[in-house]
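Coordinate analysis (summary)
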Amino acid sequence: MPLPTGVYRADQVGSLLRPKDLLAAREQSQEGKITAAQLRELEDKYIEDAVKKQQDVGLRAVTDGEFRRQWFHVDFLKHLSGIEERGALQSTNTSIGGTMPPRLAVIDKIGHPAPIQVDDFHFLEAHIDKSKVTTKVCIPSPTMIHFRNSRDTINELAYPTLDPFFVDLARAFQEELDDLYQAGCRFVQLDDTNLAYLCDPKMRAEAEERHGDANLLARQYASLINAAISKRPKDMTIGIHLCRGNHRSQWFAQGGYEPVAEVMFKDLDVDVYFLEYDDARSGDFSPLRHLPPHKVVVLGVMTSKKAALDDRAEIIKRLREAATFCPGGLDQLCLSHQCGFSSTSEGNDLSEDEQWAKLRLQVDIAKEVWGDDLSV
């Protein structure tokens, strides 16, 4: 089957390890020692270098490595009007170093006052070889505003009931996707931890304390995502990455996709799924039996959490095992790591050289399985 626009047999989730100089500059910017313009100039320099390295290892879906972000979700969502950072999230999960992401409170009606990713997209487009690669824009899923919050963090004067909240949230994403499309973007990936978190029994129970029945919540999130992408043109591909957490090589949730598989595959109106399958906590491949014959899964059976190279034979074996559950077999699958290498600015526990070696191996494995042309 033909792959959707912007999807390749060797693909990637998107984030890359930040160079140390860039990390230091972001810290200086937060301390007021350099300006935002000076920080952006350095970001531009390192993004240009990362783009070249992605192309050199053979990747054809190219990102900016999320080098302009500290958190994969916060740095996008805080640009919506009506959203404010208030303290840090509280969780029964403890991250390495005790780091917790900011809590995003809804203090007023949600809006989309200006494009968020368009300038970044234009920069990326200007530095790729369009004859060989395509740009990929990663943004957080709209569920990221709701799942970790509770009723008391959504202003009741702005939203006495939650139906208008979800309508406004979806509209904000519709407007961002339209801005990106008008700028020339044809592939957007939504990064979503929350449907995967609903597969973890402990997190599922905690979510029910905040939001009620988890089965209804999963369907509500599918409706929200569908509304957010409902106005995209037919030639814009939408992917979704379902992640169980990725901070300094640490994961936060476990459990197979079965509790949300039917909602994920049958209800979500996306074109491609980026799924996490790098170890036993991700469950078996049986949820793939729900995959519709016209959709594609980028299977994250390689790991970005460890420095060691994955075993080539084992990866190929797992791809072929997963294919037995898909109606179209290997034709419906692509290969990636389970997540990015740096969902937060700290990054996972490996070096940049090790990162590029892992991506190069991924491309080599994909060519062995599907052939040299990674676009078919």
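It should be noted that the structure appears before, not after, this text.
Since the model is a prediction, treat every value here as computed from it, not as a measurement. (Residues numbered from 1 in each chain as written. Predicted model: local features only at pLDDT ≥ 70, side-chain atom pairs only at ≥ 80, totals over all residues. Heavy atoms only, no water.)

**Some details on helix 10 (residues 312-323)**
Helix length check: helix 10 (12 residues) gives 17 Å between terminal C-alpha atoms against 16 Å at 1.5 Å per residue, within 8%. All of the buried residues in helix 10 are Ile315, Ile316, Arg318, Leu319, Ala322 and Ala323. The buried residues of helix 10 occupy an angular sector of 160 degrees when projected down its axis, which confines them to one face. Opposite the buried face of helix 10, by more than 90 degrees, sit the exposed residues Ala313 and Lys317. Those residues of helix 10 that are buried are in contact with strand 9 (296-302), strand 10 (333-337) and helix 11 (352-370). A side-chain oxygen of the first residue of helix 10 lies 3.2 Å from the backbone nitrogen of alanine 313; this N-cap is aspartate 311. (Helix = DSSP H or I, 4+ residues; strand = E, 2+ residues; numbered from the N terminus. Expected span 1.5 Å × (residues − 1). Buried < 20%, exposed > 50% of the residue type's maximum accessible area, 1.4 Å probe, protein only. Arc of directions from axis to C-beta. Contact = heavy atoms within 4.5 Å. Polar contact = N/O pair within 3.5 Å; in protein donor to acceptor, adjacent residues only side chain to side chain.)

**Some remarks on helix 1 (residues 20-30)**
Looking at helix 1, one finds that the buried residues are Leu22, Ala25 and Arg26. End-on, the buried residues of helix 1 take up no more than an arc of 100 degrees, which puts them together on one face. Of the surrounding secondary structure, the elements contacted by the buried residues of helix 1 are helix 2 (36-57). Positioned one or two residues after helix 1, glycine 32 has a phi angle of 80 degrees, which is positive.

**Quick word on the sheet that holds strand 6 (residues 187-192)**
With parallel pairing, 6 strands are arranged side by side in an open sheet as 5-6-7-8-9-10. Of all strands in the sheet, those bounded by a partner on one side alone are strand 5 (137-140) and strand 10. Neighbouring strand axes in the sheet, compared pairwise and without regard to direction, differ in orientation by 25 degrees on average. Together, strand 5, strand 6 and strand 7 (237-242) form the strand contacts of helix 5 (residues 163-183), whose direction differs from that of strand 5 by roughly 170 degrees. (Pairing = 2+ DSSP bridges. Axes fitted to C-alpha atoms, helices over the stretch in contact; angles between N-to-C directions.)

**Quick notes on the packing of helix 2 against helix 4 (residues 118-125)**
Between helix 2 and helix 4, the least distance of the axes is 10 Å, while the angle of their chain directions is 45 degrees. With respect to their mutual orientation, helix 2 and helix 4 come out oblique. When the axes of helix 2 and helix 4 are compared, the crossing they make is right-handed. Taking contact as the criterion, the partners of Arg40, Asp44, Ile47, Glu48 and Val51 in helix 2 are, on helix 4, Asp119, Asp120, Phe123 and Leu124. Its residues assigned to classes, the contact of helix 2 with helix 4 shows 4 nonpolar, no polar and 5 charged. (Parallel < 35°, antiparallel > 145°, perpendicular 65-115°, else oblique. Left-handed = near helix turned anticlockwise from the far one by under 90°. Nonpolar A, V, L, I, M, F, W, Y, C, P; charged D, E, K, R; others polar.)

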